Amino acid sequence: MKRIAANGDQAVALSWKQINPDVCASYPITPQTIIVEAFSDYVADGEVDTEYVCSESEHSSMSICIGAAAAGARSVTATASAGLAFMWEMLYIAASMRLPIVMTVANRALSGPINIHCDHSDAMGSRDSGWVQIFAENVQEAYDNSLMSFRIAEHPDVHLPVMNCLDGFIVTHAIESFTPVEDDQVKKFVGEYKPLLPLLDWKNPHSYGPFDMPDYYYEHKYQQAMAMNNVIPVFKEVAAEFEKLTGRKYDLIEKYMVDDAEYVAVAMGSTAGTLKAVVDDLRKEGHKVGCIKVRLFRPFPYQEIAKALEGKKAVAVMDRVISFGAVGPLFSDVRSAEFDNRIHPRTVNYVYGLGGRDVGVEDLKVVFREMEAGTAKNINYLGVKQ
Amino acid sequence: MISIKEMTAKPVRLTEGHRLCAGCSEPVVAKQVLLATDKPVVVSNATGCFEVSTSGYPYSSWNVPWIHSAFENTAATISGVESAYRVLKRKGKIKDDMRFVCFAGDGATYDIGFQALSGAIERGHQFLFVCMNNEAYMNTGIQRSGATEKGASTTTCPSGTCIPGKREFPKDITKIVAAHELPYAAQASPHNWKDLIEKAAKGFEAGGPAFLNVISPCPRGWRYDSALTIDMSKLAVETCLWPLYEYDNGKWRITAESKRIAEGKAEKRPIMDWLKSQGRFKHLMDPKHSALVEEIQANVDRKWDELIRLSKH
Ligand SMILES: Cc1ncc(C[n+]2csc(CCOP(=O)(O)OP(=O)(O)O)c2C)c(N)n1
Ligand code: SF4
């Protein structure tokens, strides 16, 4: 298909249109709203025959997705920030019922003070809810990840909900050119939805969400943990198939100039793109630098990260979130990957870009400069006015 | 209307073996509701006594598809199920004519679940919402809810030396729901199974959202002998504390015993009969609370007169 121009939200809406999900629950919140608006146009024009439910809250949107997915429908929704926080209770329930719901999250800071711009505090707040979390760097990835999300969620070895995360305003609102997949190829790639144990199969009645005592709860959580472990091979399998279809190669992490690098920065989302430009600049000046983008954040690719960081002099892990009283979530994951694999580069944490604070090429050069000079502290607050 | 004998021949949708208290009215209500349709049903259950007692893994009392997701969202959950049904039917993947029902306690209806209920009704999903109203949060140990009667002693509004139980009257959720101008809303009582099943049947066939508020005595929380549950629900109706009526496409109609009372064919019993039957009102027997008892009686009378007025239009 030929390249078209769209923002990340429109690209996600286009992927949904091509998939034609059975049920879409919607509730507006910036910077996600464009998705549910664009999708409602498709519904209004009969381009999809999705049951489009305008709920009265995000809590109900997720509840609707849960009911619909349990009933046997392919179900989608989108949210951000406060909306995701409002769903918190239901995120756990969706995952524990093993429902392959796909949700786009336009990452946005949480109140207070209220702020509509990008950071990862919403996604990190839901980190342990049992959802697969995939982060996109740009519009192309927002679209591609959306398509792959359905395959991963619905894979029989996984059967878990998937969050497709895009940086609010940066990916959701910036117009970029990207290459969508042909409609019929999307249909073939994503395939017909075959629900497992649907409620609407009333001749074989099933119970969803029963009451668990200590004698079973732990086993159910264990099964969820095992399903999460299956995501890594399934992700690779789906990505390989996607590459065959599109030529676009995706892995759990993306390494940029890492093999011979001495100093490496690790980030998620749009910042990874800026980091690549920084690496290009610094390489020209003779610095041995590289960067790693973490695409799959849950489950976390510990092995891949550790392998990529072997032999490095220093590593800076970029967290677009504060974990009050602790190091950042990405940092603690990267450091445990290193520790378990007995590699010990100096590893420091950079908190950056909170509430949509712009982080450009010059800002990120500081990270490499401080790594090289050995002046970086354990936790650094990049660009904060003191 | 089918007979009891015919009903006993129907398939059992909620089986024995659940862990509800002896004398609990909730399984009685649910069975009566489930007898009101022969169509396949999917049940969505809110967190509460009824849910925890019928679903303890790996056992289940349910012979029909059943889902519990949380306390506050049973109406949103059934919205999802019903939306799936609509679309899969449209796409030709489902052929059967199916029905959808929510069972929720008064906490899950009047309080925390109200937003989801209101939203689901406004959106017009086809489902019957049944509130099993035992006038408190029983599952967590008899705490006050928006349905608790004024003067009742609960564990969060206990009668003490200064405060005689709950200070507020319950909100009138049936009228609030009716104000959504949905196709059908009604109040029922398990002692009159015929009236209840007829109303549930109308709710199932309303073609849109329907609401059934059922007085559901709880021997634990109300403090009475567990053999008296059905008598207790009857007494609620006879005192006009719990009038039986329906709102059917804009028309208000008083039904069954309540209709006989309204027509002067049966006695309207004093509220004192109700208060003295239960331990939760024991403190009100002290003459120092006679003004409060009068207030409760006056409120019952006022609401009863209002209902009669509504039913005459
Ligand atoms: C969000 C949330 N808050 C509180 C609870 C605790 N909780 C579980 S059941 C319940 C009370 C249920 O009361 P009601 O709906 O009246 O049903 P009943 O048990 O009386 O039949 C409460 C407070 C919960 N499960 N979820
Ligand atoms: S506490 Fe009350 S409502 Fe709960 S099971 Fe016992 S009798 Fe029923």
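Here, the structure is the one placed above.
One structure accompanies this document, and this report is about it. (Residues numbered from 1 in each chain as written. Chains lettered and ligands numbered in written order. Predicted model: local features only at pLDDT ≥ 70, side-chain atom pairs only at ≥ 80, totals over all residues. Heavy atoms only, no water.)

Time to look at the site of ligand 2. Residues in close proximity to ligand 2 include B:L20, B:C21, B:C24, B:C49, B:N134, B:M138, B:C218, B:P219 and B:R220, which together make up its full environment. The class makeup of the residues in the shell around ligand 2 is seven nonpolar, one polar and one charged. (Near = heavy atom within 4 Å. Nonpolar A, V, L, I, M, F, W, Y, C, P; charged D, E, K, R; others polar.)

Residue and element names in this part refer to chain B. Of all residues adjacent to ligand 1, which total 17 residues, the nearest are E26, C49, G107, A136 and M138. At 2.9 Å, a backbone N or O of G107 approaches an oxygen atom of ligand 1. Here ligand 1 loses 77% of its free accessible area of 590 Å² to cover by the protein chains. Residue composition of the shell around ligand 1, by class: seven nonpolar, seven polar and three charged. (Polar contact = N/O pair within 3.5 Å; in protein donor to acceptor, adjacent residues only side chain to side chain. Areas by Shrake-Rupley, 256 points an atom, 1.4 Å probe, with all protein chains shown as cover.)

Here we come to the interface of chain A and chain B. Across the boundary between the two partners, chain A contributes 41 residues, which contact 43 residues of chain B. The largest contributions to the chain A side of the interface with chain B come from A:L200, A:W202 and A:F211, which together make up 20% of the buried area. Along the contact surface separating chain A from chain B lie six salt bridges. One salt bridge in this structure joins A:E192 and B:K93, with 3.2 Å as the shortest N-O distance. Along the contact surface separating chain A from chain B lie 16 residue pairs in polar contact (both at pLDDT 80 or more). Residue assignment for the side of chain A that touches chain B shows that the elements contributing at least two residues are β3 (51-54), α3 (58-71), α5 (88-96), β9 (207-208) and α9 (214-229) of chain A. Counting residues per element, the side of chain A that touches chain B draws most heavily on α3(A), at nine residues. (Contact = heavy atoms within 4.5 Å. Buried area = accessible area lost by both parts, 1.4 Å probe. Salt bridge = Lys/Arg side-chain N within 4 Å of Asp/Glu carboxyl O. Helix = DSSP H or I, 4+ residues; strand = E, 2+ residues; numbered from the N terminus.)

Moving on to the packing of aromatic side chains. All chains considered together, the criterion is met by 22 aromatic pairs over all chains. Look at A:F39 and A:Y52: their rings are 6.2 Å apart centre to centre, the planes differ by 45°, and that puts the pair in the tilted class. Of the two residues, A:F39 is situated in helix α2 (residues 33-44) and A:Y52 in strand β3; the sequence distance between them amounts to 13 residues. Sitting above the plane of the A:F189 ring, A:R151 keeps its charged end 4.9 Å from the centroid. One cation-aromatic arrangement involves B:R280 over B:W222; the distance from NZ or CZ to the ring centre is 4.2 Å. (Phe/Tyr/Trp six-rings, centres within 6.5 Å; stacked < 30°, edge-to-face > 60°. Lys NZ or Arg CZ within 6 Å of the ring centre and 35° of its normal.)

Residue and element names in this part refer to chain B. The buried fraction of helix α10 (residues 229-238) is high, at seven of 10 residues. Along α10, the residues classified as buried are T229, M232, S233, L235, A236, V237 and E238. As for α10, its buried residues are in contact with β6 (210-215), α9 (219-222), α11 (256-262) and α12 (271-275). Positioned one or two residues after α10, C240 has a phi angle of 70°, which is positive. (Buried < 20%, exposed > 50% of the residue type's maximum accessible area, 1.4 Å probe, protein only.)

A word on the sheet that holds strand β8 (residues 251-254) of chain B. Strand order in the open sheet made by the nine strands is β9(A)-β2(B)-β1(B)-β3(B)-β4(B)-β6(B)-β5(B)-β7(B)-β8(B), with mixed pairing throughout. Taken across any chain shown, the strands that pair with only one partner, and hence form the sheet edges, are β9 of chain A together with β8 of chain B. Pairing of strand β5 (residues 184-188) of chain B with β6(B) involves five bridges; the strand directions are parallel. Looking at the pairing, B:A185 lines up with B:F211 of β6(B). (Pairing = 2+ DSSP bridges.)

Once that is clear, we can look at the packing of helix α2 (residues 26-34) of chain B against helix α8 (residues 193-204) of chain B. All names here are of chain B. Two numbers describe how α2 lies on α8: the axes approach to 8 Å, and their chain directions differ by 55°. Considered as vectors, α2 and α8 are oriented oblique to each other. Considering only the axes of α2 and α8, their crossing is right-handed. Contacts between α2 and α8 involve V29, Q32 and V33 on the former and, on the latter, W193, L196, I197, A200 and F204. (Axes fitted to C-alpha atoms, helices over the stretch in contact; angles between N-to-C directions. Parallel < 35°, antiparallel > 145°, perpendicular 65-115°, else oblique. Left-handed = near helix turned anticlockwise from the far one by under 90°.)

Residues and elements named next belong to chain A. For the structure shown, the criterion picks out 50 salt bridges over all chains. Two residues, E154 and R74, come together in a salt bridge whose shortest N-O distance is 2.8 Å. Pair noted here: E154 is in helix α7 (residues 139-154) and R74 is in the loop between α3 and β4 (75-79), with a separation of 80 residues, a long-range link. Here E304 makes a salt bridge to K236, at a shortest N to O gap of 3.3 Å. With E304 in helix α12 (residues 302-309) and K236 in helix α10 (residues 231-246), the pair connects residues that are 68 residues apart, well separated along the chain. Residue K236 is classed as partly exposed on the basis of its relative accessible area of 38%. Via salt bridges that share partners, E137, E141, E254, K276, K293 and R295 belong to a single interconnected network.

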